[in-house]
2 protein chains.
Amino acid sequence: MPLNEIDDVDRKLLDLLREDGRRSFSEMAPEVGLSVAAVKRRVDRLRDIGVITGFTVQIDHTKLGWGIEAFVELSYTGNTAVGEILGTTHKVPEVQAAFTTAGDPDALVHVRVRDIAHLQKVIDGLRRERGVTGTKTLMVLGSWTRSA
Amino acid sequence: MPLNEIDDVDRKLLDLLREDGRRSFSEMAPEVGLSVAAVKRRVDRLRDIGVITGFTVQIDHTKLGWGIEAFVELSYTGNTAVGEILGTTHKVPEVQAAFTTAGDPDALVHVRVRDIAHLQKVIDGLRRERGVTGTKTLMVLGSWTRSA
DNA sequence: TGTGAAATAATACAGTA
DNA sequence: TACTGTATTATTTCACA
């Protein structure tokens, strides 16, 4: 079910776009040995079948004054549904990403804030959410993300 | 201190590119009320000063057969440097991102794998890294990421 | 999938405030 | 310094072989 339809050329195109999402079709075409039109059709198809969900810019948030990053582990009462957890974190603008997990913390939330006072406010806000029974915060000291 | 030089137009451009990193300058120009050339120069400048670090494609890894996502918390011996931690995780291709943290786990690692057996192998590999004293794995059930 | 032509977009540059 | 408008080049897009 998951694929069957993605070949090595598609994977190569995904790699190229992961490195630089604004690469032109004409630049990628010789890399995969196809015509420009064929490359465009492949990328269009990858979007159509949902393998490519979008393109985005990568930003150094430090340079924008959002210098602090943390993960907040959340515990919920037993009757809180997974979907509900993701929904409540969505409303908090400082939350960059949220993950519901199996096991001890029920959710892991990635937040980005300007300073420690700001972090305090965000954590307090998360603690007040319905069903939250406890939090544990991991301040990020350094990080690294694959690819670009 | 970190900026001073980024104005509302720049922020608007970053927002537009976060939603769609392949947006054309000609599409963004009317949105911010500037000429195409002015938009290009602004985006070029945002790259030059390091606010924009790159562009990339967003992929639905489930559709590529990498259906399982987890966070692995790592504890290290006291004499392990932060840089060393990030370095060792870098070698493991299944690691999508790594964060060193202040506090109980010393690092948090985001991994993506094909199946549970694969996850087992990756965790075993991480546990064998020099300085690692313990791990705790959080399997991701659901997730959500801001913007696109 | 490739080709080739028309439509768009990116880029470089001259001129203006 | 930062913009606009124009000319040139490159890229995208699409119909058809």
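As recorded in an unreviewed UniProt entry, chain A goes by Lrp/AsnC family transcriptional regulator and comes from Streptomyces asoensis.

Student: Would you mind going over the protein's contact with DNA strand D with me for this structure?
Tutor: In the region of DNA strand D, 13 residues are neighbours, and A:Phe25, A:Lys40, B:Ser35, B:Arg41 and B:Arg42 sit closest. Counting only atoms of DNA strand D within 4 Å of the protein, the sugar-phosphate share comes to 74%. Between DNA strand D and the protein, one listed contact pairs a sugar or linking oxygen with a side-chain N or O atom of A:Ser26 at 3.3 Å. Contact distances for DNA strand D include 3.0 Å between a phosphate oxygen and a side-chain N or O atom of A:Lys40.

Student: Teacher, can you tell me more about the interface of chain B and chain A here?
Tutor: Put simply, an interface is often sized by how much accessible area is lost when its parts join up. In this complex, chain B contributes 60 residues to the contact, which on the side of chain A involves 61 residues. For the chain B and chain A pair, buried surface summed over both sides reaches about 5400 Å², with 59% attributable to carbon and sulfur atoms. Among the residues chain B hides against chain A, the three largest losses belong to B:Arg22, B:Thr56 and B:Trp144. Together they make up 15% of the total. Where chain B packs against chain A, one counts two salt bridges.

Student: Which parts of the structure should I look at to understand the UniProt feature "domain: HTH asnC-type" (unreviewed entry) in chain A?
Tutor: Mapped onto the present numbering, the UniProt feature "domain: HTH asnC-type" (unreviewed entry) falls at residues 6-67 of chain A. In residues 6-67 of chain A, the share of helix is 53% and the share of strand is 13%. The end C-alpha atoms are 39 Å apart.

Student: Would you mind showing me how to read the relation of the copies chain B and chain A here?
Tutor: Both copies of the chain are related through a single rotation about an axis accompanied by a shift along the same axis. Between chain B and chain A, which share one sequence, the superposing operator has a rotation angle of 180 degrees and an axial displacement of 0.0 Å; the RMSD is 0.1 Å. One copy is carried onto the other by what is essentially a two-fold rotation axis.

Student: Help me understand the protein's contact with DNA strand C in this model?
Tutor: All residues adjacent to DNA strand C are A:Arg22, A:Leu34, A:Ser35, A:Ala37, A:Ala38, A:Arg41, A:Arg42, B:Ser24, B:Phe25, B:Ser26, B:Val36 and B:Lys40. Put simply, 62% of the atoms of DNA strand C that lie within 4 Å of the protein are in sugar or phosphate. Within the contact set of DNA strand C, a phosphate oxygen lies 3.2 Å away from a side-chain nitrogen or oxygen of B:Ser26. Side-chain polar atom of B:Lys40 to a phosphate oxygen of DNA strand C: 3.4 Å apart, as the coordinates give it. Elements supplying a minimum of two residues to the surface near DNA strand C: helix H3 (36-48) of chain A together with helix H2 (25-32) and helix H3 (36-48) of chain B. Residue composition of the surface near DNA strand C, by class: five nonpolar, three polar and four charged.

Student: Quick question: what am I supposed to make of helix H5 (residues 116-128) of chain B here?
Tutor: Since the α-helix packs 3.6 residues into each turn, any two residues three or four apart lie on the same face. All names here are of chain B. The end-to-end C-alpha distance of H5 is 18 Å, a good match for the 18 Å that 13 residues give at a rise of 1.5 Å each. Residues of H5 that are buried: His118, Leu119, Val122, Ile123 and Leu126. Along the axis of H5, the buried residues cluster in a sector spanning 135 degrees; they form a single face. In this structure, H5 carries Ala117, Lys121 and Arg128 as exposed residues pointing more than 90 degrees from its buried face. On the buried face of H5, the contacting elements are strand S2 (68-76), strand S4 (107-113) and strand S5 (132-145). Where H5 starts, the residue carrying a side-chain oxygen 3.2 Å from the main-chain nitrogen of alanine 117 turns out to be aspartate 115.

Student: Would you explain the pattern of salt bridges in this entry?
Tutor: Oppositely charged side chains may form a pair once their charged atoms are brought near each other. Tallying each qualifying case throughout the model produces 26 salt bridges over all chains. For the salt bridge of B:Lys136 with A:Asp104, the shortest nitrogen-to-oxygen distance reads 3.4 Å. Here the residue B:Lys136 occupies a position in strand S5, and A:Asp104 occupies one in the loop between strand S3 (95-102) and strand S4 (107-113), the pair thus bridging two chains. A residue is classified by how much of its surface remains accessible, and B:Lys136, at 30% relative accessible area, is partly exposed. The exposure class of A:Asp104 is exposed, given its relative accessible area of 54%.

Student: Just to check I follow, could you spell out the packing of aromatic side chains for this structure?
Tutor: Centre distance and the angle of the planes are the two values used to describe a pair of aromatic rings. For the structure on display, the rule yields three aromatic pairs over all chains. With centroids separated by 4.7 Å and ring planes inclined at 75 degrees, the aromatic side chains of A:Phe71 and B:Phe99 adopt a geometry described as edge-to-face. Pair noted here: A:Phe71 is in strand S2 (residues 68-76) and B:Phe99 is in strand S3 (residues 95-102), and the two residues belong to different chains. A:Phe71 gets classed as buried once you look at its relative accessible area, which sits at 1%. When its relative accessible area of 7% is taken as the criterion, B:Phe99 is described as buried. Cluster of aromatic residues (ring-pair linked, three or more members): A:Phe71, A:Phe99, B:Phe71 and B:Phe99.

Student: Would you explain the sheet that holds S3(B) in this entry?
Tutor: Remark on secondary structure: sheet strands pair via backbone hydrogen bonds, oriented parallel or antiparallel. Spatially, the eight strands close up into a barrel ordered S2(A)-S4(A)-S3(A)-S5(B)-S2(B)-S4(B)-S3(B)-S5(A), and their pairing is antiparallel. Averaged over all adjacent pairs, the angle separating strand axes in this sheet is 35 degrees, with direction ignored. Pairing analysis gives seven bridges linking S2(A) to strand S5 (residues 132-145) of chain A, with the strands arranged antiparallel. Paired with A:Tyr76 across the strands is A:Val132, a residue of S5(A). Strands S2, S3 and S4 of chain A together with S5 of chain B of the sheet are contacted by helix H4 (residues 82-90) of chain A, whose axis makes an angle of about 165 degrees with S3(A). Against the sheet, H5(B) engages S2, S4 and S5 of chain B, with an angle of about 140 degrees to S5(B).

Conventions we followed
- Residues numbered from 1 in each chain as written.
- Chains lettered and ligands numbered in written order.
- Predicted model: local features only at pLDDT ≥ 70, side-chain atom pairs only at ≥ 80, totals over all residues.
- Heavy atoms only, no water.
- Near = heavy atom within 4 Å.
- Polar contact = N/O pair within 3.5 Å; in protein donor to acceptor, adjacent residues only side chain to side chain.
- Contact = heavy atoms within 4.5 Å.
- Buried area = accessible area lost by both parts, 1.4 Å probe.
- Salt bridge = Lys/Arg side-chain N within 4 Å of Asp/Glu carboxyl O.
- UniProt positions renumbered as here; feature names shortened; annotations may be inferred.
- Helix = DSSP H or I, 4+ residues; strand = E, 2+ residues; numbered from the N terminus.
- Least-squares fit on C-alpha atoms with pLDDT ≥ 70 in both.
- Nonpolar A, V, L, I, M, F, W, Y, C, P; charged D, E, K, R; others polar.
- Expected span 1.5 Å × (residues − 1).
- Buried < 20%, exposed > 50% of the residue type's maximum accessible area, 1.4 Å probe, protein only.
- Arc of directions from axis to C-beta.
- Phe/Tyr/Trp six-rings, centres within 6.5 Å; stacked < 30°, edge-to-face > 60°.
- Pairing = 2+ DSSP bridges.
- Axes fitted to C-alpha atoms, helices over the stretch in contact; angles between N-to-C directions.

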